[in-house]
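Geometric and topological summary
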Amino acid sequence: SWYIQAIKNYVNFSGRARRKEYWMFFLFTVIFTILAMILDFVLGIDFRISVYDEVAHWNYNYKPEVSLGYGPIYVIVSLFHWLPTMSAAVRRLHDSDRTGWWFFAPSLIMLTAIFIGAIFIGGGMATNSDSMAITGGILAGVLYLVGIGLGITSFVFLFFDGTKGDNRFGVSHKYDSEGNLLA
């Protein structure tokens, strides 16, 4: 029922989600994606890539392929769970009185790091300015590490108990307004 509850709140980024709701949804999502990967493989519809090896170099009829381990069923299942996973994580953070930006900030900072790195390093290479490329690389690396640190921090926050009673994001589904455990 926790999984169904999270699916019913498909794109609801407001309110609160208990730890049990979030982690049970996460568990079933992992189970469904693993089953989708297995189903793709068993049905033989997994995505494959050609790889180069010495035999293929000498024998043009031999084209070795390696499975990526997933296929279209996995992609569909993953896309189906993408928004509910984000909304459940944001509501989980709300339960411990934290803003949902803790979930999105790491990705935004890491994308910014990649963008800044590409601009500075590309500009440095285009103008033959080693100092510009090095500065951009250092700035991008520091920003990327900050993003990783924030990602770890937000992941740890998902394990914290919710605030006892009501908070700025809504009523608690675990505690009453005085902070006593609900039956």
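Further up the page is the structure itself.
Values in this document were obtained by computation on a predicted structure and should not be read as measured data.

With that settled, consider the overall build of the protein chain. Along the backbone of the protein chain there are 6 helices and 2 strands. Sequence-ordered secondary structure for the protein chain, helices as α and strands as β, is α-α-β-α-β-α-α-α. Counting only C-alpha atoms and orienting by the principal axes, one finds that the protein chain spans roughly 75 × 50 × 20 Å. The proportion of buried residues among the 183 residues of the protein chain is 28%. Accessible area for the protein chain stands at about 11400 Å²; split by element, carbon and sulfur atoms hold 71% of it. Across the protein chain, the 13 positively charged side chains and the 13 negatively charged ones have centroids separated by 10 Å.

Tyr3, Ala6, Ile7, Tyr22, Phe25, Ala88, Ala89, Leu93, Phe157 and Leu158 together form the largest nonpolar core, which totals 10 residues. Here Tyr22 is in contact with Thr85, Ala88, Ala89, Arg92 and Leu158, once residues within four sequence places are set aside.

Structurally, Lys8 can be placed in helix H1 (residues 2–8). With 146 residues separating them along the chain, Lys8 and Ser154 place their C-alpha atoms 24 Å apart.

Right, let's talk about helix H2 (residues 19–43) for a bit. Taking 1.5 Å per residue, 25 residues should reach 36 Å; H2 reaches 36 Å between its end C-alpha atoms and fits that length. Buried positions along H2 lie against H1 and helix H4 (72–95). One or two positions beyond H2, positive phi appears at Gly44, with a value near 75 degrees.

The rules behind each value
- Each chain has its residues counted from 1, running along the sequence as written.
- Reporting in this predicted model follows two pLDDT cut-offs: at least 70 for local features of residues, and 80 or more for side-chain atom pairs to be given and counted; totals over whole chains, interfaces and linings ignore these cut-offs and use all residues.
- Side-chain numbers here rest on the full set of heavy atoms in the structure, without hydrogens or water.
- A run of H or I in DSSP counts as a helix once it spans at least four residues, and a run of E counts as a strand once it spans at least two, with each numbered from the N terminus.
- For the exposure calls, accessible area comes from a 1.4 Å probe over protein chains only, and a residue counts as buried if that area is under 20% of its type's maximum, exposed if over 50%, partly exposed in between.
- Each accessible area is a Shrake-Rupley estimate made with a 1.4 Å probe; only the visible protein chains count as cover when residues are assessed.
- In summary, the charge assignment counts Lys and Arg as positive and Asp and Glu as negative, without counting His or the chain termini.
- All charge positions are set by atom: Lys at NZ, Arg at CZ, Asp at CG, Glu at CD.
- Grouping buried Ala, Val, Leu, Ile, Met, Phe, Trp, Tyr and Cys residues that are joined through side-chain atoms within 4.5 Å yields what is termed a nonpolar core.
- Residue contacts follow a heavy-atom distance rule, with two residues in contact if any of their heavy atoms lie within 4.5 Å.
- For a helix, the expected span equals 1.5 Å multiplied by the number of residues minus one.

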